[in-house]
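# Chains, contacts and geometry: an overview
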Amino acid sequence: MMFALVGCQGATEKEVLTMGTNAAFPPYEFVDADNNIVGIDAEIAAAVADKLGMELEIKDMAFDSLITAVSSGSIDVVLAGMTVTPERAESVNFSDSYATGIQVVIVTEDSAIATIDDLEGKKIGVQSGTTGDFYCSDTPENGGYGEDAVSRYDNGALAVAALQNGQVDCVVIDNEPAKAFVEANEGLKILETEYITEEYAAAIAKENVELLDKFNAALAELEAEGKLDEIIGKYIKAE
Ligand code: GLN
């Protein structure tokens, strides 16, 4: 009888929702002491999967391969503190936004850089393929500093290490990971002047409209229930 029961459970196994992310972006996604991927995005995705009666699986990958992975169908959804941009929206559909991000500048405490205007002629560290990378490497006419000003790193932690080693003069990155990196490392600060404000959303393959609709409906419910605020409040303390 016990065996029959196990067989029964197998037959009702839940469908899997595969989320892709880059787990080096605290507090949205990071690897905890038990080697689990946790954070705001992981918890929102788990809550959405729960509402859809699905089981969440998280895949950690390079940030700049997430759009290709979701549009080719190797993952179902991206939650990665990913900013909605018109360029990305040509390849994927974005869900409703669930959070706001702000690009900020990290410098060493003794830095001569005091405002955004001081970035000209400086070496800027960014995470490869992020909006911080796009803004900074753009031409000066478009508000950027040009390709030559920018050094690209695989993730924020490596960009911050380069700042500490003196390889770059500053790091342009999203505000919440910036706070986490400054807290975890001595001698760094965030400039008070904010660079650019953006919206974070989940990315889903263009043809998977069914999942987009379900995701947005689940997200709206989580918002109405106060669950979204609860998850965000667990990781981001109000100032
Ligand atoms: N919000 C930024 C972007 O979408 C950075 C995201 C990240 O590094 N995980 O490009």
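Residues numbered from 1 in each chain as written. Predicted model: local features only at pLDDT ≥ 70, side-chain atom pairs only at ≥ 80, totals over all residues. Heavy atoms only, no water.

## Details of unusual backbone geometry
The residue after Pro26, namely Pro27, is reached through a cis peptide bond having omega 5 degrees. Checked against the element boundaries, Pro27 lands in the loop between β2 (24-25) and β3 (29-31). Not every positive phi belongs to a glycine, and Asn35 is a case in point at roughly 70 degrees. Within the fold, Asn35 resides in the loop between β3 and β4 (37-38). Looking at Asn35, the relative accessible area reads 63%, which means it is exposed. (Helix = DSSP H or I, 4+ residues; strand = E, 2+ residues; numbered from the N terminus. Buried < 20%, exposed > 50% of the residue type's maximum accessible area, 1.4 Å probe, protein only.)

## So, the pattern of salt bridges
A side chain with one charge can pair with a side chain of the opposite charge if their charged atoms come near. Taken as a whole, this structure holds eight salt bridges when the rule is applied. A salt bridge links Lys51 to Glu221; the shortest N-O distance between them is 3.1 Å. Of this pair, Lys51 sits in helix α2 (residues 40-51) while Glu221 sits in helix α7 (residues 209-224), and the two are 170 residues apart along the sequence. Of the charged contacts, one joins Glu147 and Arg152 as a salt bridge, the two residues approaching to 3.1 Å between their closest N and O atoms. Look at Arg152 and you get partly exposed, because its relative accessible area is 38%. One salt-bridge network, held together by shared partners, links Lys51, Glu221 and Glu225. (Salt bridge = Lys/Arg side-chain N within 4 Å of Asp/Glu carboxyl O.)

## Describing helix α8 (residues 227-235)
Taken together, the buried positions of α8 are Leu228, Ile231 and Ile232. Buried residues of α8, viewed axially, fall in a sector of 95 degrees; they line one side. In α8, the exposed positions that point more than 90 degrees away from the buried face belong to Asp229, Glu230 and Lys234. The elements touched by buried residues of α8 are α2 and α7. (Arc of directions from axis to C-beta. Contact = heavy atoms within 4.5 Å.)

## Concerning the packing of α2 against α7
Packed helices, taken two at a time, are described by their axes: the angle between them and the distance between them. Interaxial distance between α2 and α7 falls to 9 Å at its minimum, and their mutual angle equals 110 degrees. By the angle class used here, α2 and α7 are roughly perpendicular. In this structure, α2 contributes Ile44, Ala47, Val48 and Lys51 to the contact, and α7 contributes Phe215, Ala218, Leu219, Glu221 and Leu222. (Axes fitted to C-alpha atoms, helices over the stretch in contact; angles between N-to-C directions. Parallel < 35°, antiparallel > 145°, perpendicular 65-115°, else oblique.)

## What about the site of the ligand?
Residues in close proximity to the ligand total 13 residues, the closest being Gly81, Thr83, Arg88, Thr131 and Asp174. One of the backbone N or O atoms of Thr131 is found 2.8 Å from an oxygen atom in the ligand. In the environment of the ligand, a nitrogen atom lies 2.6 Å from a nitrogen or oxygen atom belonging to the side chain of Asp174. Contact with the protein chains covers 100% of the free accessible surface of the ligand, which is 300 Å². (Near = heavy atom within 4 Å. Polar contact = N/O pair within 3.5 Å; in protein donor to acceptor, adjacent residues only side chain to side chain. Areas by Shrake-Rupley, 256 points an atom, 1.4 Å probe, with all protein chains shown as cover.)

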